[in-house]
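Observations on the model geometry
So the chains spell out like this:
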Amino acid sequence: MKSRAVILAIFMSLFCFSLVSCMEDEDKDNYYKEDFHDSNLPEYSENGLNLFGSEYKVNDELFYFRSFADTAPCRIEIADSLLKFYMIGAQNKDFFSLCFEIIPEVPVSSFAELIKLEGKEFDVTSDSCKLKVLRDDEYVDVDSWYGYVRFVNAKNLYVDNQLFGTILSGRFGMYYGIDDDSIDISSGRFDFLIDDTNFIKK
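Scoring rules and cut-offs
Residues numbered from 1 in each chain as written. Predicted model: local features only at pLDDT ≥ 70, side-chain atom pairs only at ≥ 80, totals over all residues. Heavy atoms only, no water. Buried < 20%, exposed > 50% of the residue type's maximum accessible area, 1.4 Å probe, protein only. Helix = DSSP H or I, 4+ residues; strand = E, 2+ residues; numbered from the N terminus. Pairing = 2+ DSSP bridges. Core = buried A, V, L, I, M, F, W, Y, C linked by side-chain atoms within 4.5 Å. Contact = heavy atoms within 4.5 Å. Salt bridge = Lys/Arg side-chain N within 4 Å of Asp/Glu carboxyl O. Phe/Tyr/Trp six-rings, centres within 6.5 Å; stacked < 30°, edge-to-face > 60°. Lys NZ or Arg CZ within 6 Å of the ring centre and 35° of its normal.

1. Describing the pairing of strand E10 (residues 162-178)
Among the 17 residues in E10, 12 count as buried, and that is most of the element. Here strand E9 (residues 143-159) pairs with E10 via 15 bridges, running antiparallel. Residue pairing across strands places Tyr148 opposite Gly173, the latter belonging to E10. Two successive antiparallel strands, E9 and E10, enclose a turn made up of 2 residues, where Asp160 displays a positive phi of approximately 50°. Hairpin connection, E10 to strand E11 (residues 181-194): the antiparallel pair is bridged by 2 residues, and Asp179 has positive phi, about 55°.

This is how it looks when you write it as structure tokens:
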């Protein structure tokens, strides 16, 4: 009788553990799908999933820069001809953000017009794009040695024939110096949905 109770207790423990694991996996799947080559990164997608991820090396020590569920991962601000493209997330569990300050060839005045960015790549060492990173609650210039942001896909999303938002998906990477550190961000990918909540015109 006692042995049967022990067996039943073990069975219930395994069942509960399996149930919790399934729930955790389900939550994770709802957030992103892991990259086949690196489970620390989301796979590249073009569905407006509001996520991003990249490798983040500090003096060759590997960390990751990723979006997380409790914070909106992207914001776009427009002021005259300048477009500020923010990525907001965490690096090594610490809050971190970077900003691409872009001067597009064709001005953008609404989130629907972001489709003009499709196929465009901007070099952070050029006059048309500058990189800034968040340090001590403000965005500061860095010594950019290399870097780019590439808008692979840009499309407007309609729901019941009404414009719902604009999907921006693409790639990014950079190599820069700040203080005494060299920062290498690589394998970057993003998939954002832009609408009235994260598109700001000043």
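2. With respect to the nonpolar core
Residues Phe85, Phe100 and Tyr176 are the most contacted members of the largest nonpolar core, which totals 39 residues. With near-sequence residues (within four places) excluded, Phe85 lies in contact with Cys74, Arg75, Ile76, Leu98, Cys99, Phe100, Ile102, Val149, Phe151, Phe190 and Phe192.

3. Digging into the environment of Tyr86
Along the chain, Tyr86 falls in strand E4 (residues 82-91). For Tyr86 and Cys74, which are 12 residues apart along the polypeptide, the C-alpha to C-alpha distance reads 5.4 Å. Apart from residues no more than four positions distant in its own chain, Tyr86 is found in contact with Pro73, Cys74, Arg75, Glu77, Leu98, Cys99 and Tyr139.

4. Topic: the environment of Phe190
By the secondary structure assignment, Phe190 is in strand E11. The class for Phe190 is buried, based on a relative accessible area of 1%. Through-space distance from the C-alpha of Phe190 to that of Ser54 is 8.9 Å; in sequence the pair is 136 residues apart.

5. Some words on unusual backbone geometry
Its identity as a non-glycine residue notwithstanding, Asn92 has a phi of 55°, on the positive side. Note on placement: Asn92 falls in the loop between E4 and strand E5 (94-102).

6. A look at the pattern of salt bridges
When their charged atoms lie close together, side chains carrying opposite charge are able to pair. Inspection of every chain in the model, using the stated rule, returns 10 salt bridges. With its nearest N and O atoms 3.3 Å apart, the salt bridge here joins Lys202 to Glu77. Of this pair, Lys202 sits in the segment after strand E12 (199-201) while Glu77 sits in strand E3 (residues 74-79), and the two are 125 residues apart along the sequence. Looking at Glu77, the relative accessible area reads 9%, which means it is buried. With a closest N to O distance of 3.9 Å, Lys84 and Glu101 form a salt bridge. Note that Lys84 is positioned in strand E4 and Glu101 in strand E5, a separation of 17 residues in sequence. A relative accessible area of 24% means that Lys84 is categorised as partly exposed. Residue classification places Glu101 among the buried positions, given a relative accessible area of 15%. Within the structure, one salt-bridge network assembled from shared partners comprises Lys84, Glu101, Lys132 and Asp141.

7. Things to note about the pairing of strand E8 (residues 138-141)
Here strand E7 (residues 129-135) pairs with E8 via 4 bridges, running antiparallel. Within E8, the position partnered with Leu134 by the bridge is Tyr139.

8. Here's the deal with the packing of aromatic side chains
Taken as a whole and judged by the stated rule, the model has 16 aromatic pairs. Among the aromatic residues, those joined into a cluster by ring pairs are Phe52, Tyr56, Phe65, Phe85, Phe96, Phe100, Phe122, Phe151, Phe172, Phe190 and Phe192. In this structure, Arg75 packs its charged tip against the face of Tyr86, placed 4.1 Å from the ring centre. Over the face of the ring belonging to Tyr44 we find Arg171, whose NZ or CZ atom lies 4.3 Å from the ring centre.

9. With respect to the side chain of Asn153
Secondary-structure assignment places Asn153 in strand E9. Among all residues touching Asn153, those that are not within four sequence positions of it are Glu46, Glu118, Ile167, Leu168 and Ser169.

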